[in-house]
Amino acid sequence: QANPCWMIPPGKRPQHAPKKNVPWLSDDAIVRRLFAELPAPVSLMFYVGISSGCRLMEIAGLRLSDLDDLASGTIRVRFSGLGPLKEDRRGVGKMKFVPAPTDALEVLGPWLAQRRADGAGPEDLVFVKPDGHLIRKEFVQYRWNKAADALGLSLGWHEATRHSFV
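(A) Inspection of the packing of aromatic side chains at higher detail. Taken as a whole, this structure holds 5 aromatic pairs when the rule is applied. Aromatic pair phenylalanine 46 and tryptophan 157: ring centres 6.0 Å apart, planes at 65 degrees, arrangement edge-to-face. With a gap of 111 residues between them, phenylalanine 46 in helix 2 (residues 42–52) and tryptophan 157 in helix 6 (residues 157–165) connect regions that are remote in the sequence. Under the relative-accessibility criterion, tryptophan 157 is labelled buried at 6%.

Here's what the structure looks like:
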């Protein structure tokens, strides 16, 4: 009737593999070169990712109203692409707030102004493809691979953004 795992002495039980150190960008010069190498809006998405730690599709799902508090240093994250956040398992509308760097208005301001001038409303996506549709992972991955190859990097998007942020 007892759990059979309890019959194995604690010292003999299998252990989890120790966490290994994951690759990340440690050189700001490479970050600046990547930003320059990536085309807009992927470069701006990279900027948001490396400075906030957001997942790629969380960045793709940002709405203009989510960036209303950039001046106070926060970004609201409510969507992953067009769907709910990964943490929102029940679909109840969970949201989270992530840090925004102090120069966020300076870097993102011209893009946001252009989106609004093009007629985008508060609930329209911040980053869109040239045809106005949602940016998908494959769109970013293709451009990321070209930029990383040009700079001789072997890091993936998540390593260069989330891992570097942490």
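(B) A look at the side chain of serine 65. Inspection of the secondary structure puts serine 65 in the loop between helix 3 (56–60) and strand 1 (74–77). Those residues within four positions of serine 65 in sequence are excluded, and the remaining contacts are Arg76, Arg78, Pro122 and Glu123.

(C) Up close: the layout of surface pockets. The space that makes up the largest pocket amounts to roughly 280 Å³. Forming the boundary of the largest pocket are 14 residues, of which Asp28, Val31, Arg32, Tyr47 and Ile50 lie nearest the centre. Those elements that place two or more of their residues in the lining of the largest pocket are helix 1 (28–37) and helix 2. Class assignment for the residues of the lining of the largest pocket results in 7 nonpolar, 3 polar and 4 charged. Around the second largest pocket, the lining is made up of 13 residues, and of these Arg55, Leu56, Met57, Lys137 and His158 lie nearest the centre. At the level of secondary structure, the elements contributing two or more residues to the lining of the second largest pocket comprise helix 3, helix 5 (137–151) and helix 6. For the lining of the second largest pocket, the element with the most residues is helix 6, which contributes 4 residues. When its residues are assigned to classes, the lining of the second largest pocket shows 4 nonpolar, 4 polar and 5 charged.

What counts and how
Residues numbered from 1 in each chain as written. Predicted model: local features only at pLDDT ≥ 70, side-chain atom pairs only at ≥ 80, totals over all residues. Heavy atoms only, no water. Phe/Tyr/Trp six-rings, centres within 6.5 Å; stacked < 30°, edge-to-face > 60°. Helix = DSSP H or I, 4+ residues; strand = E, 2+ residues; numbered from the N terminus. Buried < 20%, exposed > 50% of the residue type's maximum accessible area, 1.4 Å probe, protein only. Contact = heavy atoms within 4.5 Å. 1 Å grid on protein atoms, 1.4 Å probe; cavity = no way out; pocket = protein on both sides within 12 Å on 5 of 7 lines; lining within 4 Å. Points joined across faces, edges and corners; volume = space filled by probe spheres on them. Nonpolar A, V, L, I, M, F, W, Y, C, P; charged D, E, K, R; others polar.

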